[in-house]
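# Structural overview
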Amino acid sequence: MSIFRFSFVAAAAALALQSCAPGQDAPAPSSAALDLSRYVAVGDSYTAGVSNGGLTRNSQLYSYPNLLAQSFAQVAPGASFTQPLLEQGASTNYLSLVSYNGRDLPVVRRVAGSAVRSNYVNTIGCGLTDTVRLLARSAQAGTLPQNLGLPGLRLSQLESPDLGNEANAVSGRPFNPYFERLLPPADSRSYLQAVTTASAQATFFTYFAGVDEFLPYIRSGGTCAALLPNATALGTNVRKVLSVLAANGRRGIIVQVPNLNLLPIL
């Protein structure tokens, strides 16, 4: 398979160097040999556009897939990119800056999500719990978007049936409320099936997933080994997704999971 590996750090450094060099002409955009006419993005929270612990319409618009799609449109006239955008002003529960304390540390508050229709508490490993927020269904539910980023996506649930079916919205069952908002009611398909469908007509892809696989373990303070993913199983699931995305020689970008010791929790 022909795949490009991408480094955000290297790209940012290159842009910084260019900005310091006077008198440079802006490069003419070119797609070279890439077909960027239909782009699909697969991943978890970062791909979906999660910012400050939640989603807003603006954070979705500033998601890296949407920014890439805007650049791709410069060299692929007529290309479009669809996202399951929240209604204007809606959110899925996020952190808002209130002030700074006497030690210049931020004081934040949790803003109740206006796109949240109900909550339930899910019991996870080591006796820990997690609040799962069911979300208002997307206005385009049933038509899969090109941005398939799912906040909270665990690759271990890649082939779980009913992952987006509200019937599974009970403690102990695999369920992703963001996936549920993309699908028609009572849809039983797995995330891998959705990726297969959405990528069938794609000409280019990005893949950035795996961070959310580790977040439950990180949020336990690194004390709950039951939440730590199995490396062999993780690699197997990654290969399953990439084999679909790179089918028939389709080109794309793979973003590797960064150093989790340095990564800020979303």
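These notes cover the structure that comes with them. (Residues numbered from 1 in each chain as written. Predicted model: local features only at pLDDT ≥ 70, side-chain atom pairs only at ≥ 80, totals over all residues. Heavy atoms only, no water.)

## What to know about the packing of aromatic side chains
By the definition in use, this model includes 7 aromatic pairs. The interplanar angle of 55° and the centroid separation of 6.3 Å between the aromatic rings of Tyr39 and Phe204 together place this pair among those described as tilted. Residue Tyr39 is found in strand S2 (residues 39–43), and its partner Phe204 is found in strand S8 (residues 204–208); the two are separated by 165 residues along the sequence. When sorted by exposure, Tyr39 lands in the same class as Phe204, which is buried. An angle of 80° between the planes, with centres 5.8 Å apart, marks the rings of Phe179 and Tyr191 as edge-to-face. Of this pair, Phe179 sits in helix H5 (residues 177–182) while Tyr191 sits in helix H6 (residues 191–199), placing them 12 residues apart in sequence. (Phe/Tyr/Trp six-rings, centres within 6.5 Å; stacked < 30°, edge-to-face > 60°. Helix = DSSP H or I, 4+ residues; strand = E, 2+ residues; numbered from the N terminus. Buried < 20%, exposed > 50% of the residue type's maximum accessible area, 1.4 Å probe, protein only.)

## Considering the environment of Gly53
By secondary structure assignment, the location of Gly53 is in the loop between helix H2 (45–48) and helix H3 (57–61). In this structure the C-alpha to C-alpha distance between Gly53 and Pro65, which are 12 residues apart in sequence, comes to 18 Å.

## Remarks on helix H8 (residues 231–245)
The end-to-end C-alpha distance of H8 is 21 Å, a good match for the 21 Å that 15 residues give at a rise of 1.5 Å each. Of the residues making up H8, those classed as buried are Leu234, Asn237, Val241, Leu242, Val244 and Leu245. The buried residues of H8 occupy an angular sector of 160° when projected down its axis, which confines them to one face. Exposed side of H8, more than 90 degrees from the buried face: Thr232 and Arg239 are the residues found there. Against the buried residues of H8 lie S2, H6, S8, helix H7 (211–219) and strand S9 (251–254). Between a side-chain oxygen at the N-terminus of H8 and the backbone nitrogen of Thr232 the separation is 3.0 Å; the capping residue is Asn230. (Expected span 1.5 Å × (residues − 1). Arc of directions from axis to C-beta. Contact = heavy atoms within 4.5 Å. Polar contact = N/O pair within 3.5 Å; in protein donor to acceptor, adjacent residues only side chain to side chain.)

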